[in-house]
Amino acid sequence: MPAVDNVLVVGGGLAGTATAIRLAARGVAVDLIDVMTDVAVLGSGITLQGNALRELRGLGVWERVRREGYSFDSVGLRAPDGTLLVELPDFRTGGPDLPATIGMSRPALARILLDRASEAGAKVRFGLAVAALRGDHTGVDVTFSDGSAGRYDLVVGADGIRSTVRRLLGVEPAARPTGMGIWRVFGPRPASVTRTDLCYGGPCYIAGYCPTGEDSLYAYLVEDAQNRGVLSAEERLETMRDLASAYHGPWDEIRAALDDPERIHYTWFETHVLPPPWHRGRVVLIGDAVHSCPPTLAQGGAQALEDAAVLTELLTRHSTLDERLWTAFTDRRHARAKAVVDASNQLGQWLLDREQGDVPGLMRRIAELVSQPA
């Protein structure tokens, strides 16, 4: 029998929905809540490496993801003038029967996972937050933002880098900025874009793009972190177009389609890793609530999905929620997630320092690590 009968999952992102799907499919009563009114409308695109696809297959959504996204098995490096310098085979970290990478729309992925959570039996509620937690040795009493309350065997805080659950536990590691900021835009896919291409050089540290479907892509420009929040929507559009003007090849078509400021997003890279343990009593934190990394390795989503897979495996394999379970969770997740975060930060730091580090060696080491089951 599972170690828990009823669970509250806070956060409707990858970690939260994956946890809800796996537990509900094993007969656990799951409430999944998110403070947003609809998480399936947020974001532009996401790059999913093979180890993420392996977890999505385990969730029963692989075929839906394959149909919605765009698969590819290589990465290109280009000069700012658009010249293709080299095309490299990408690591197939999910195994030989899965693509190396899929790009897809974040809202589309969110909708697939939320639909699967409902199909599995989870009760999903939006526009609801946790206001208070009070735990004892048998459960957690939860007060919600609408004044309602409930008692659960376990609360899973999967509510992101600024986790409310983490704050209510009195654990508040400050995610630090890495020194980089990223412009992202979601738009039409030119026929010439069939994989991720990266350009190093020009006014930005990285100019890249990733196909997210037959007719869509997301493109991004990485610069020094700046206070871009003071810009108006039209100024943001003009700034991104100006930065993109230094890049050619497929970027010429991408830039020509930059005409809607509402499709442009700007954020800073941030990072943190919460030291173990990741639980306090019968409340556990996973995903970006405990580890976040810049997208230089495109592993953030994969690590969130791996957290959910390991946690739910242990909860359904053990009959008691005890320190043995939590020790096993820490042993399997902390070092692996920290290695990915550290490597992601190292790639960014080499760019900031304009240092020629061993990028191929670092990427190979992490690919070998995440190719193994979590």
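Relevant structure appears above.
Note that the coordinates shown come from a computational prediction; the quantities given were computed from them, not determined experimentally.

Caption draft 1: Representation of the pattern of salt bridges in the model. This model, assessed by the stated rule, comprises 26 salt bridges. A salt bridge links D38 to R111, with the nearest nitrogen and oxygen atoms 3.4 Å apart. Taken together, the residues D38 in the loop between β2 (29–34) and β3 (45–49) and R111 in helix α4 (residues 106–120) connect sequence positions 73 residues apart. Judged by its relative accessible area of 25%, D38 falls in the partly exposed class. Overall, R111 belongs to the partly exposed group, its relative accessible area being 33%. Measuring nitrogen to oxygen at the nearest pair gives 2.9 Å for the salt bridge that ties R332 to E313. You can see R332 sitting in helix α9 (residues 323–352) and its partner E313 sitting in helix α8 (residues 300–317), a full 19 residues away along the chain. Take R332: its relative accessible area is 25%, and that puts it in the partly exposed class.

Caption draft 2: Examining unusual backbone geometry more closely. Cis geometry marks the peptide bond from P276 to P277, where omega comes out at 5°. With respect to the helices and strands, the residue P277 is situated in the loop between β17 (264–273) and β18 (279–280). We note that A298 has phi near 55°; this positive angle belongs to a residue other than glycine. Here A298 lies in the loop between β20 (291–292) and α8. Residue classification places A298 among the buried residues on the basis of a relative accessible area of 18%.

Caption draft 3: Expanded view of the packing of aromatic side chains. The final tally for this structure, using the stated rule, is 6 aromatic pairs. On the numbers, 6.3 Å between centres and 65° between planes, the contact of Y209 with W251 is edge-to-face. Taken together, the positions of Y209 in strand β15 (residues 204–213) and W251 in helix α7 (residues 250–256) put the pair 42 residues apart, joining distant regions of the chain. Per residue, the accessibility class of Y209 equals that of W251, and both read buried. Among the aromatic residues, those joined into a ring-pair cluster are Y209, Y247 and W251.

Caption draft 4: Region of the structure containing the nonpolar core. In terms of nonpolar packing, the biggest core is built from 71 residues, with L8, L56, V65, M104, L109, L154 and F329 touching the most fellow members. Residue contributions to this core peak at 8 residues, all from α8. Discounting residues that sit within four places of it in the chain, L8 has contacts with D31, I33, V130, V142, F144, Y152, L154, V155 and V156. With 21 residues, the next largest nonpolar core counts W183, A219, A244 and Y247 among its residues.

Caption draft 5: Broad picture of the state of the cysteines. Under the definition given, this model contains 0 disulfides. In this model C199 remains outside any disulfide bridge; the closest cysteine sulfur is found in C204, 9.1 Å from its own. On the basis of relative accessible area, C199 is assigned to the buried category, the value being 3%. A disulfide-free cysteine, C210 has its sulfur positioned 16 Å from the sulfur of C293, the nearest such atom.

Caption draft 6: Seen up close, the pairing of strand β5 (residues 74–78). By the criterion of burial, β5 is predominantly enclosed, with 4 of the 5 residues buried. Summarising the sheet, β5 and strand β6 (residues 84–89) pair through 5 bridges and their orientation is antiparallel. The residue bridging V75 from the neighbouring strand is L88, located in β6. With antiparallel pairing between neighbouring strands as the criterion, β5 and β6 make up a hairpin whose turn holds 5 residues, including G82 at a positive phi of roughly 100°.

Caption draft 7: Spatial organisation of the packing of helix α2 (residues 50–58) against α8. α8 packs onto α2 with a crossing angle of 40° between their chain directions and a minimal axis gap of 8 Å. By the angle between their directions, the pair α2 and α8 is classed as oblique. As for the relative orientation of α2 and α8, their crossing is left-handed in sense. Within the contact between the two elements, α2 uses N51, A52, R54, E55 and L56 and α8 uses A302, Q303, L305, E306 and A309.

Caption draft 8: Examining the side chain of T271 more closely. Structurally, T271 is set in strand β17. Of note is the side chain of T271, whose polar atom sits 3.0 Å from the backbone oxygen of S292. At a separation of 2.9 Å, a polar atom in the side chain of T271 contacts the side chain of N345. With near-sequence residues (within four places) excluded, T271 lies in contact with A175, R176, T178, S292, C293, P294, V341 and N345.

The rules we used
Residues numbered from 1 in each chain as written. Predicted model: local features only at pLDDT ≥ 70, side-chain atom pairs only at ≥ 80, totals over all residues. Heavy atoms only, no water. Salt bridge = Lys/Arg side-chain N within 4 Å of Asp/Glu carboxyl O. Helix = DSSP H or I, 4+ residues; strand = E, 2+ residues; numbered from the N terminus. Buried < 20%, exposed > 50% of the residue type's maximum accessible area, 1.4 Å probe, protein only. Phe/Tyr/Trp six-rings, centres within 6.5 Å; stacked < 30°, edge-to-face > 60°. Core = buried A, V, L, I, M, F, W, Y, C linked by side-chain atoms within 4.5 Å. Contact = heavy atoms within 4.5 Å. Disulfide = S-S within 2.5 Å. Pairing = 2+ DSSP bridges. Axes fitted to C-alpha atoms, helices over the stretch in contact; angles between N-to-C directions. Parallel < 35°, antiparallel > 145°, perpendicular 65-115°, else oblique. Left-handed = near helix turned anticlockwise from the far one by under 90°. Polar contact = N/O pair within 3.5 Å; in protein donor to acceptor, adjacent residues only side chain to side chain.

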